[in-house]
Amino acid sequence: MPREFKRSDRVSDAIQRSLALIIQQEMRDPRLGMVNVNSVSVSKDMAIAKVYVTLVGEGDEERGEAVAKVLNN
C-alpha cells in the first residue's frame, strides 16, 4: 500500500525543487556562490514557508549575511 503524503508535504517539496532550480539557473549574483536548499516547511494554511539553506565552501559570517540578504530580496 503506498504511503500517503499530506498536501503541505507535497507543496513544500515542490517549493524546494523550484527554488533550487531558480537559485542555480536564474540568479546571477556573484555573492551567492553555491547554495543548497535543505528543506522547506510550510504552515498548515500554506500562507508561510520557511526555507532552510546552507552555504557550500568557505562560510564566514559576513558572507552568510550577504547571501541571506540576497535571498530575502
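Above this note sits the structure.
All residue numbers here refer to positions counted from 1 along the written sequence of the relevant chain. Per-residue local features of the predicted model are confined to residues with pLDDT of at least 70, and side-chain atom pairs are confined, for both listing and counting, to 80 or more; whole-chain, interface and lining totals are unaffected and use all residues. Hydrogens and waters are ignored; side-chain quantities use all the structure's heavy atoms.

Engineer: Please explain the overall build of the chain as it appears in this structure.
Structural biologist: Helix and strand counts for the chain stand at two helices and two strands. Runs of H or I in DSSP of at least four residues are treated as helices and runs of E of at least two as strands, each being numbered from the N terminus. The N-to-C order of helical and strand elements in the chain reads α-β-β-α. In terms of C-alpha radius of gyration, the chain reaches 14 Å, well past the compact-globule figure of 11 Å for 73 residues. Scored against the burial criterion, the 73 residues of the chain give a buried share of 15%. The contact rule is simple, with two residues in contact once any of their heavy atoms fall within 4.5 Å. Restricting to contacts in the chain with at least 6 residues of sequence separation, those with at least 24 account for 40%. Counting every atom, the chain has about 6,100 Å² of accessible surface; 51% of that belongs to carbon and sulfur. Here Asp and Glu are counted as negative and Lys and Arg as positive; His is not counted, and neither are the chain ends. Charge positions come from single atoms, namely NZ of Lys, CZ of Arg, CG of Asp or CD of Glu. In the chain, which carries 11 positive and 11 negative side-chain charges, the distance between the mean positions of the two groups comes to 9 Å. The quantity called the radius of gyration is restricted to C-alpha atoms. Its globule counterpart is 2.2 Å times the number of residues to the power 0.38. Think of it in three bands: residues with accessible area under 20% of the maximum for their type are buried, residues over 50% are exposed, and the middle band is partly exposed, with areas taken using a 1.4 Å probe on protein chains only. To be clear on the numbers: accessible area is Shrake-Rupley with a 1.4 Å probe, and residue cover counts the displayed protein chains and nothing else.

Engineer: Where do I start with a negative patch on the surface in this structure?
Structural biologist: Negative charge collects at one region of the surface, where Asp-60, Glu-61, Glu-62 and Glu-65 lie side by side. For Glu-61, the position within the fold is in helix H2 (residues 61-72). For patch detection, residues must exceed 30% relative accessible area and be free of salt bridges, and they are connected within 9 Å for like charges or within 5 Å for nonpolar side chains (Val, Leu, Ile, Met, Phe, Trp, Tyr). Should a side-chain nitrogen of Lys or Arg be within 4 Å of a carboxyl oxygen of Asp or Glu, the pair is scored as a salt bridge.

Engineer: Would you mind going over unusual backbone geometry with me for this structure?
Structural biologist: Residues apart from glycine generally show negative phi values, whereas peptide bonds are mostly found in trans. We note that Met-46 has phi near 60 degrees; this positive angle belongs to a residue other than glycine. Summarising the element assignment, Met-46 is placed in the loop between strand E1 (34-42) and strand E2 (49-56).

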